[in-house]
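# Coordinate analysis (summary)
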Amino acid sequence: GPSHRHLLLWLVVAAGCSDGSRGLAPPPRRGTAGFKALFRGSLAPAADQALPPLDYLRRQPEALDVQAMAAAFPALAGLSTADQVAPGLSFARQVLCGGRGELLPQVPPTVLGARLERTLAPRHALLVSHGLPSGPALLENQGCRLRRFLAARSPADFAALCQEWAGPGAGAEVSDQDVLGFEAAF
């Protein structure tokens, strides 16, 4: 499955920057068809994706406490398995957990309802491109960083979070325009 490097490479190619630089204005929005393929192509059979979300989660190889997930995120039962839960679970497993399924129970269920192609994946790719904590590092300290990542609603909030994580005097300046550029590239 896709790794952090694959996601970053895809982003660089989609943005048209052969050297990976951030220098130019973001390209026009290309849609999400190419990105969706990263997490939808390796998913369970269509029959499993037709299951209700909670049943789909119960069929996963990881020891997920589906009842606790539903209690923590009541909207989970109403999500689309094929369009939200399965791709979100694939992203969580492959990217946030670094392919280590045993970490999956640490990912909050709200990730499954997050805007994967428009917000979650582009912002994660921005973290990777700037050398900031990403992937399994977001799950350290009981997922504190991941919760803060998910709570940053606006591009300005997320840019401020990136600056905080980079530390004072870091060369990895991140602006809200950078965040918008990554979101537009996806």
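Since the structure is predicted, the reported quantities are computational estimates derived from the model, not experimental observations.

### What to know about the overall build of the chain
The helix and strand inventory of the chain stands at 10 helices and 0 strands. Put simply, the chain runs from its N terminus to its C terminus through helices and strands in the order α-α-α-α-α-α-α-α-α-α. Pairs at least 24 residues apart make up 68% of the contacts formed inside the chain by residues separated by at least 6 positions. Of the roughly 9200 Å² of accessible surface on the chain, a fraction of 54% belongs to carbon and sulfur atoms.

### Brief notes about the environment of G143
Tracing the chain through its elements places G143 in helix α8 (residues 140-151). Taking the C-alpha atoms as reference, G143 lies 6.9 Å from Q106; in sequence the two are 37 residues apart.

### A word on the confidence of the model for the chain
Overall, the prediction assigns the chain a mean pLDDT of 81, with 74% of residues at 70 or greater. Contacts for the low-pLDDT stretch residues 1-7, under 50 throughout, to residues beyond four places or in other chains number 16 contacts. Taken together, the stretch residues 9-36 has pLDDT below 50 and engages in 35 contacts with residues farther than four places along the chain or on a different chain.

### Overview of the nonpolar core
The biggest cluster of nonpolar side chains holds 44 residues, and the ones touching the most others in it are L57, V107, L146 and F158. Counting residues per element, the ones that place at least two in this core are α4 (53-58), α5 (66-72), α6 (81-96), α7 (116-129), α8, α9 (155-166) and α10 (176-185). Of all the elements, α6 adds the most residues to this core, at 7 residues. Those residues in contact with F158 that sit more than four places away from it in its chain are R123, L126, L127, F149, A152 and V179.

### Observations regarding unusual backbone geometry
Of note, N141 is a non-glycine position whose phi angle comes to about 55°, a positive value. If you trace the backbone, N141 turns up in helix α8. Of the residues examined, N141 reaches a relative accessible area of 60% and is grouped as exposed. For Q142, which is not glycine, the phi torsion reads 60° and is therefore positive. By relative accessible area, Q142 is classed as exposed at 70%.

### Topic: the packing of α9 against α10
Where α9 meets α10, the axes come as close as 8 Å, and the angle between the chain directions of the two elements is 110°. Taken together, the axes of α9 and α10 are roughly perpendicular relative to one another. Crossing angle aside, the handedness with which α9 passes α10 is right-handed. Across from P155, A156, F158 and A159 in α9, the residues of α10 making contact are D176, V179, L180 and E183. Here the contact of α9 with α10 is composed, by residue class, of 6 nonpolar, no polar and 2 charged.

### So, the environment of A50
Relative to the helices and strands, A50 resides in the loop between α3 (46-49) and α4. Along the primary structure A50 and A82 are separated by 32 residues, whereas in three dimensions their C-alpha atoms are 6.7 Å apart.

### Focus: the pattern of salt bridges
This structure, assessed with the given rule, holds 7 salt bridges. Between R93 and E62 there is a salt bridge; the shortest N-O distance is 2.9 Å. One end of the pair, R93, is in helix α6; the other, E62, is in the loop between α4 and α5, and 31 residues separate them in sequence. For E62, a relative accessible area of 13% translates into the label buried.

### What to know about α8
The terminal C-alpha atoms of α8 lie 16 Å apart, and with 12 residues this matches the ideal 16 Å at 1.5 Å per residue to within 8%. Within the sequence span of α8, burial applies to G143, L146, F149 and L150. Projected down its long axis, α8 shows its buried positions confined to an angular sector of 95°, all on one face. Of the exposed residues in α8, the ones pointing more than 90 degrees away from its buried face are N141, Q142 and A151. Contact partners of the buried residues in α8: α6, α7 and α9.

About the criteria used
Residues numbered from 1 in each chain as written. Predicted model: local features only at pLDDT ≥ 70, side-chain atom pairs only at ≥ 80, totals over all residues. Heavy atoms only, no water. Helix = DSSP H or I, 4+ residues; strand = E, 2+ residues; numbered from the N terminus. Contact = heavy atoms within 4.5 Å. Areas by Shrake-Rupley, 256 points an atom, 1.4 Å probe, with all protein chains shown as cover. pLDDT = per-residue confidence, 0-100. Core = buried A, V, L, I, M, F, W, Y, C linked by side-chain atoms within 4.5 Å. Buried < 20%, exposed > 50% of the residue type's maximum accessible area, 1.4 Å probe, protein only. Axes fitted to C-alpha atoms, helices over the stretch in contact; angles between N-to-C directions. Parallel < 35°, antiparallel > 145°, perpendicular 65-115°, else oblique. Left-handed = near helix turned anticlockwise from the far one by under 90°. Nonpolar A, V, L, I, M, F, W, Y, C, P; charged D, E, K, R; others polar. Salt bridge = Lys/Arg side-chain N within 4 Å of Asp/Glu carboxyl O. Expected span 1.5 Å × (residues − 1). Arc of directions from axis to C-beta.

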